[in-house]
Amino acid sequence: MRCVLIVVLLLLAGCASVPRQTQNACAIFEQRDGYFDNWRKAAYSVEREYGVPVPVLMATVYAESGFRHNARPPRTKLFGFIPWKRQSTALGFSQALDGTWARYKRETGRWSASRTDFRDAIRFIGWYHTESNRRNGIALNDTYRLYIAYYHGHTGYQRGNWSATAKAGAKRASTMAGNYARQLQSCGGW
């Protein structure tokens, strides 16, 4: 019984940790190729379902959360030093806000989806990017513009006054998507 408990704890600890090499798509997929937690299978499944290329999906996760399942925005400070409320309700791999996540679950019927589960989060990103394509005409392989729409929302994207933070994140995501695409060609992708 004790051995089973230790094995289960080790498996769960591996699921919760950040991959060691987040700048290499092949390494990420090698590190997360378990039977229950297979990130390659999840990413390519979303690519087939929504048409968003795997490098774009993975680059969005990289830019948003650095592959941390429990990522959250920093807290504001009360009186300059007392930790207070968080800057937003963003959570998990996708950094989806409460309201957007609730809309996703309502529109897709995925009521048990969790922002801290990679499979659910990457499916959300695929869904959101597809919405950006439908609403704003952004190509599904245009990582830069998809990220801007992801960061500012569809209406914020349409307004066109994008923040320097969003532009920097979009540049980082776009560069990483290119890197991931080259890497996945060399290791066989799928």
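Thresholds, definitions, all that
Residues numbered from 1 in each chain as written. Predicted model: local features only at pLDDT ≥ 70, side-chain atom pairs only at ≥ 80, totals over all residues. Heavy atoms only, no water. Helix = DSSP H or I, 4+ residues; strand = E, 2+ residues; numbered from the N terminus. Buried < 20%, exposed > 50% of the residue type's maximum accessible area, 1.4 Å probe, protein only. Contact = heavy atoms within 4.5 Å. Areas by Shrake-Rupley, 256 points an atom, 1.4 Å probe, with all protein chains shown as cover. Axes fitted to C-alpha atoms, helices over the stretch in contact; angles between N-to-C directions. Parallel < 35°, antiparallel > 145°, perpendicular 65-115°, else oblique. Left-handed = near helix turned anticlockwise from the far one by under 90°. Nonpolar A, V, L, I, M, F, W, Y, C, P; charged D, E, K, R; others polar. Salt bridge = Lys/Arg side-chain N within 4 Å of Asp/Glu carboxyl O. Phe/Tyr/Trp six-rings, centres within 6.5 Å; stacked < 30°, edge-to-face > 60°. Lys NZ or Arg CZ within 6 Å of the ring centre and 35° of its normal. Core = buried A, V, L, I, M, F, W, Y, C linked by side-chain atoms within 4.5 Å.

Caption draft 1: Structural view of the overall build of the protein chain. Counting secondary structure elements, the protein chain contains eight helices and two strands. Its helices and strands taken in sequence order, the protein chain reads α-α-α-α-β-β-α-α-α-α from the N to the C terminus. Within the protein chain, the fraction of its 190 residues that count as buried is 44%. For the protein chain, the proportion of contacts with a sequence separation of at least 24, taken over those separated by at least 6, is 50%. On the protein chain, roughly 10,500 Å² of surface is accessible, and the fraction owed to carbon and sulfur atoms is 53%.

Caption draft 2: Structural detail: the packing of helix 7 (residues 143-159) against helix 8 (residues 164-187). Two numbers describe how helix 7 lies on helix 8: the axes approach to 8 Å, and their chain directions differ by 140°. Of the possible angle classes, the one that applies to helix 7 and helix 8 is oblique. Like other packed secondary-structure pairs, helix 7 and helix 8 cross with a definite hand, here right-handed. Contacts between helix 7 and helix 8 involve Thr 143, Tyr 144, Tyr 147, Ile 148, Tyr 151 and His 152 from the first element and Thr 165, Ala 166, Lys 167, Gly 169, Ala 170, Lys 171, Ala 173, Ser 174 and Ala 177 from the second. For the contact of helix 7 with helix 8, the class distribution of residues is eight nonpolar, five polar and two charged.

Caption draft 3: Broad picture of the pattern of salt bridges. Counted under the stated rule, the structure contains nine salt bridges. Among the ionic pairs, Arg 123 bridges to Glu 49, the shortest N-O distance being 3.0 Å. Here the residue Arg 123 occupies a position in helix 6 (residues 118-136), and Glu 49 occupies one in helix 3 (residues 39-50), the gap between them amounting to 74 residues. On the accessibility criterion, Glu 49 (38% relative accessible area) is partly exposed. Note that Asp 98 and Arg 115 form a salt bridge whose closest N and O atoms lie 2.8 Å from each other.

Caption draft 4: Structural detail: the packing of aromatic side chains. Within this structure, the stated rule accounts for 17 aromatic pairs. When the centroid spacing of 5.2 Å and the interplanar angle of 45° are considered together, the rings of Trp 101 and Phe 124 count as tilted. Taken together, the residues Trp 101 in helix 5 (residues 98-108) and Phe 124 in helix 6 connect sequence positions 23 residues apart. By relative accessible area, which is 5% here, Trp 101 ends up buried. In this structure Phe 124 comes out as buried when scored by relative accessible area, which is 2%. Taken together, a centroid distance of 6.2 Å and an interplanar angle of 70° make the contact between Phe 124 and Tyr 150 edge-to-face. With Phe 124 in helix 6 and Tyr 150 in helix 7, this pair connects stretches of sequence that are 26 residues apart. One exposure class covers both Phe 124 and Tyr 150, and it is buried. Taken together, the aromatic side chains of Trp 101, Tyr 104, Phe 124, Trp 127, Tyr 128 and Tyr 150 make up a single cluster linked through ring pairs. Just above the ring of Trp 39 sits the side chain of Arg 32; from NZ or CZ to the centre is 5.2 Å.

Caption draft 5: Focus on the nonpolar core. Membership of the largest hydrophobic core comes to 47 residues, with the highest contact counts inside it found for Phe 29, Met 58, Phe 67, Phe 118, Ile 122, Phe 124 and Tyr 180. Residue assignment for this core shows that the elements contributing at least two residues are helix 2 (25-31), helix 3, helix 4 (54-65), helix 5, helix 6, helix 7 and helix 8. With eight residues, the top contributor of residues to this core is helix 4. Ignoring anything within four residues of it in the chain, the contact list for Tyr 180 reads Thr 22, Gln 23, Asn 24, Ala 25, Ile 28, Pro 55, Met 58, Ala 59, Tyr 62 and Phe 67.

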